[in-house]
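# Geometric and topological summary
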Amino acid sequence: MPTTTNDSTLKNWGLLLLLSLIWGSSFILIKRGLEVFSPGEVGAYRIVAAATFLLPLSIPRIKNLDKTQINNLIIVGLVGSFIPAFLFAKAQTQLSSSLTGVLNALTPLSVVVIGALFYHSKITRRNAIGLAIAFIGVFILVTVKEGTGFGAFEDINSHAFYVILACICYGFNLNIIKYKFVKLKPIEITAISLLMVLPMALIYLMAGTQFSYKVVNSVGAMPALGYLTLLGVLGTAIALIIFNVMVKTATPVFAASVTYIIPIVAIFWGVLDGEVLLLGHYIGIVAVIIGVWVGNRKKVIQP
């Protein structure tokens, strides 16, 4: 917990709870969007909404960047926002929002592994133990079967791997930001990287999908569009700004604790929406959270 005045401490706790609520609610918003739109449409519109909201921050600053920075920001936009947006939407076509939220907690361990494999950082014994515990938890989560306990390998819900792949993308993203960007502020990185992938998302949405037709003709399109707008503006743009403020005003370790609250919020919304969690699911959830906590207590995490 950061050593600040009482007012600052209260503010930081408020921001932590707000961020947990926003990010933890992202999965139920994806679920609502999928009731009308395809996974591709959900992912693309999420990027369009977030990038458009941040245009006042991104456009004035892009002229100050050199070619190398722009190329790196394109990569950050792809692996940090664009690709995961599609992967999470695809995963939730066959995976509950609550379990998706739990699996998203693997992001910090992904950061450690990617750093060790590609950026010469070290995996400590604590990291290895945490990875092992979390792996057991993931295996339990994706093999639990109603009425039969735990399934076998052939029973694995393969859509969980879309979430794991998204976490790997986040792992690359945070390591790229750590090692490739020194001068740019985190908010600038977020805004400009989203601007870099905005044209791709917009072209795909308008030319490669039936998004426009569904908005006009599909029953429930307007509520679904509202949920997805909240997902993009709140769950991507504003949430990242709040996280960056917390890192600056509190400590990275304190900000990182959001990782452990997000699954609780996701589970709350899922159960409230009628999703059924079995005993095996709860065992897996506990294992994943414990594994993340053991393996990455001192790392900065950004879902």
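Residues numbered from 1 in each chain as written. Predicted model: local features only at pLDDT ≥ 70, side-chain atom pairs only at ≥ 80, totals over all residues. Heavy atoms only, no water.

### Regarding helix α14 (residues 279–295)
For α14, which comprises 17 residues, the first-to-last C-alpha distance of 24 Å matches the rise-based estimate of 24 Å (1.5 Å per residue) to within 8%. Turning to α14, its buried residues are Gly280, His281, Gly284, Ile285, Ala287, Val288, Gly291, Val292, Val294 and Gly295. (Helix = DSSP H or I, 4+ residues; strand = E, 2+ residues; numbered from the N terminus. Expected span 1.5 Å × (residues − 1). Buried < 20%, exposed > 50% of the residue type's maximum accessible area, 1.4 Å probe, protein only.)

### Regarding the nonpolar core
Ranked by internal contacts, the top residues of the largest apolar core, which has 86 residues, are Leu19, Trp23, Phe37, Leu73, Leu103 and Val288. Broken down by element, this core gets its largest block of residues, 12 residues, from helix α11 (residues 221–249). (Core = buried A, V, L, I, M, F, W, Y, C linked by side-chain atoms within 4.5 Å.)

### Thoughts on the confidence of the model for the protein chain
Confidence in the prediction for the protein chain averages 85 pLDDT; 87% of positions are at 70 or higher. In the model, residues 151–155 has pLDDT below 50 throughout and makes 6 contacts with residues more than four positions away in sequence or in other chains. Overall, residues 299–303 carries pLDDT values under 50, and its contacts beyond four positions in sequence, including any with other chains, amount to 23 contacts. (pLDDT = per-residue confidence, 0-100. Contact = heavy atoms within 4.5 Å.)

### So, the environment of valine 294
Checked against the element boundaries, valine 294 lands in helix α14. Taking C-alpha positions, valine 294 is 9.9 Å from leucine 109, a pair spaced 185 residues apart along the chain. Excluding residues that lie within four positions of it along the chain, valine 294 makes contacts with Arg126, Ile129 and Gly130.

### Details of the packing of aromatic side chains
Applying the stated criterion to the full structure yields 9 aromatic pairs. Between phenylalanine 118 and phenylalanine 172 the ring centres are 5.1 Å apart and the planes differ by 50°, which places this aromatic pair in the tilted class. Taken together, the residues phenylalanine 118 in helix α6 (residues 107–118) and phenylalanine 172 in helix α8 (residues 160–180) connect sequence positions 54 residues apart. We classify phenylalanine 172 as partly exposed; its relative accessible area is 26%. (Phe/Tyr/Trp six-rings, centres within 6.5 Å; stacked < 30°, edge-to-face > 60°.)

### Here we look at the packing of helix α3 (residues 55–62) against helix α9 (residues 186–207)
For the pair α3 and α9, the least separation of the axes is 8 Å and the interaxial angle reads 90°. With respect to their mutual orientation, α3 and α9 come out roughly perpendicular. From α3, Leu55, Leu57, Ser58, Ile59, Arg61 and Ile62 reach across to α9, where they touch Ile187, Glu188, Ala191, Ile192, Leu195, Met196 and Leu198. Among the residues forming the contact of α3 with α9, the class breakdown is 10 nonpolar, 1 polar and 2 charged. (Axes fitted to C-alpha atoms, helices over the stretch in contact; angles between N-to-C directions. Parallel < 35°, antiparallel > 145°, perpendicular 65-115°, else oblique. Nonpolar A, V, L, I, M, F, W, Y, C, P; charged D, E, K, R; others polar.)

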